[in-house]
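Take a look at the letters that make up each chain.
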Amino acid sequence: MKKLLFFATLVAVTLSFSGCILYSLSRSCTVNVYVYDLNGERVPNEMVYLFYTTSERTRDHAFKEIATDQKGYAEFRLSEIEMLYQEENTMYALTFNGDVITGQTPFTARQNKSIDVTIRKTK
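Here the structure is a predicted model, which is why all the values come from computation and not from measurement.

Along strand 5 (residues 88–97), seven of the ten residues are buried, which leaves the element largely enclosed by surrounding structure. Pairing of strand 2 (residues 47–52) with strand 5 involves four bridges; the strand directions are antiparallel. Pairing of phenylalanine 51 across the sheet is with tyrosine 92, part of strand 5. Of the strand pairs in this sheet, strand 5 and strand 6 (residues 100–110) are connected by ten bridges, and their pairing is antiparallel. Directly across from tyrosine 92, in strand 6, lies its bridge partner proline 106. Count of turn residues in the strand 5/strand 6 antiparallel hairpin: two residues, of which glycine 98 carries a positive phi of about 70 degrees.

Okay, the packing of aromatic side chains next. Scanning the entire structure with this criterion turns up four aromatic pairs. Of the aromatic side chains, those joined through ring pairs into one cluster are Tyr49, Phe51 and Phe96. Directly above the aromatic system of tyrosine 92 lies the positively charged group of arginine 57, at a separation of 3.7 Å from the ring centroid. Just above the ring of tyrosine 36 sits the side chain of arginine 120; from NZ or CZ to the centre is 5.0 Å.

Quick notes on the rules
- Per chain, residues are indexed from 1 in the order of the written sequence.
- Only residues with pLDDT of 70 or above have their local features reported here, since the model is predicted, and side-chain atom pairs are shown and tallied only from 80 upward, although totals for entire chains, interfaces and linings are computed over all residues.
- Only hydrogens and water are set aside when side-chain values are computed; all heavy atoms of the structure are taken into account.
- Exposed residues in this analysis have more than 50% of their type's maximum accessible area, buried residues have under 20%, and partly exposed residues fall in between, with area computed by a 1.4 Å probe over protein chains only.
- Labels follow the DSSP assignment, with helices taken as runs of H or I lasting at least four residues and strands as runs of E lasting at least two, numbered in each case from the N terminus.
- Note on pairing: DSSP must find at least two bridges between two strands before they are called paired.
- When two rings of Phe, Tyr or Trp (its six-membered ring) have centres within 6.5 Å they constitute a pair, described as stacked for plane angles under 30 degrees, edge-to-face for angles over 60, and tilted for the intermediate range.
- Placement of a charge over a ring requires the Lys NZ or Arg CZ to be within 6 Å of the ring centre, with the centre-to-atom vector within 35 degrees of the ring normal.

Next comes the structure, spelled out in structure tokens:
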């Protein structure tokens, strides 16, 4: 009997955690970033930084960063927490050369949506 009760408790806990995870994933947002240089060519291995609109725009204040792949593409998955529990949130995607901003694009992330963002480097 104790084994059955333990197993039932284990199943209930597992299902409740998986429900929380599925709920959180369903409220996430995917941001697809494409980085282009001055000539319109995609830029591989370029670090892309995400910022909230209220953040100071230095690399140290980015809440997320990732390098582009060989095709100049970076994919961010924003959780409900990173969306600040809002249905939509305006953010910025930036690239840097040292401390100088070389490209930036504002965008609006929405829960349960995928958005494409293009950064055209200006320097």
